[in-house]
Structure formats: structure tokens, C-alpha cells
Amino acid sequence: MRPIEFGVMRSGFVPVPREVLLDAGAIEPTAEEREQAERDAAQSRKRQAEREQRLEAARRALAEISDPLTRAILDLHAEDERHECAGDDFDGYESERPDWPCRTVEVVAAHHGIGLPS
Ligand SMILES: [Zn+2]
């Protein structure tokens, strides 16, 4: 048995996937890996921008609904500054608010034919 240092038993060799080492910055990526990472990041930014555009269109469409009951439901389930539902969807001390749009807003949007990003 090897000596124990700071409560951790030393082991000889632990296989670590290359992706983990790259993510941790422990090794330098190859030129090909660097290019792939840049393409992945650009694609991710594009998807996020498209999602935000669709969400903004849905926000505008939802804001135009004037039916009193729907308005009351949407006002209760408003989006807060952290993009979470400020409504009554959460319960209990350790529960977390759902992201906005919550399931209630999704139902209202679907009822009014308003598309939401997935
Ligand atoms: Zn809600």
C-alpha cells in the first residue's frame, strides 16, 4: 500500500479522458481541436441568439393578449429579472422557481397559438 497524503490515497495511474484534460486546461489542444472548439462555440452562440429572438417574439405576443383571465394568469406568472417565473409554481423551502416561460405560460401561449422556443 502506498502512503496516504492529506487523506487521499496515492494511486499509480488514473485514466483521464482527453476531453476532460482539455476542458481543465491541463493540456494544449491541437490546431484541429482548437478549430473544432471555435466552430462549436460559434454554433452555440448562434443557437442561443436564435432562441433569444424567438423568446422575445413570444414575449411581445404574450404582452399583447388582453383577455382579462389570460392577462391575470400571465401577470401572475411574470418573468422576473433572473428569467424565472415569479408566480406560484414553486413550493417549499428548498424548491427553486421554474425558468420562464413556466408550464403555465407554455399552456397559455399554446392556447393563443404563440410559439415558444424549446
Ligand atoms: Zn409560472
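Heads up: the structure comes first, above all this text.
Only a predicted model underlies this, so the values are computations on that prediction, with no experimental measurement involved.

**Q** Got a minute to help me understand the environment of Gly115 in this structure?
**A** Note on placement: Gly115 falls in the segment after α4 (103-111). You can call Gly115 exposed: it has 11 C-beta atoms within 10 Å. Sequence-distant contacts of Gly115, that is, excluding residues within four places in its chain, are made with Arg54 and Ala58.

**Q** In this structure, what is going on with the environment of Pro98? I would like to understand it.
**A** Among the structural elements, Pro98 can be located in the loop between α3 (68-76) and α4. Taking the number of C-beta atoms within 10 Å as the measure of exposure, Pro98 has 16 and is therefore partly exposed. It is 8.6 Å that separates the C-alpha atoms of Pro98 and Ala86, two residues lying twelve residues apart in sequence.

**Q** Please clarify how the packing of α3 against α4 should be interpreted in this entry.
**A** When two helices pack together, their arrangement is given by the angle between the helix axes and the distance between those axes. Contact geometry of α3 with α4 gives a least axis separation of 10 Å together with a crossing angle of 150 degrees. Looking at the two axes, α3 sits roughly antiparallel to α4. In this structure, α3 crosses over α4, and the sense of that crossing is left-handed. Counted together, Thr70, Ile73 and Leu74 of α3 and Thr104, Val105 and Val108 of α4 form the full contact between these two elements. Among the residues making up the contact of α3 with α4, the classes are represented as four nonpolar, two polar and no charged.

Cut-offs and rules
Residues numbered from 1 in each chain as written. Predicted model: local features only at pLDDT ≥ 70, side-chain atom pairs only at ≥ 80, totals over all residues. Helix = DSSP H or I, 4+ residues; strand = E, 2+ residues; numbered from the N terminus. Buried ≥ 20, exposed ≤ 12 C-beta atoms within 10 Å, placed from the backbone. Contact = placed C-beta atoms within 7 Å. Axes fitted to C-alpha atoms, helices over the stretch in contact; angles between N-to-C directions. Parallel < 35°, antiparallel > 145°, perpendicular 65-115°, else oblique. Left-handed = near helix turned anticlockwise from the far one by under 90°. Nonpolar A, V, L, I, M, F, W, Y, C, P; charged D, E, K, R; others polar.

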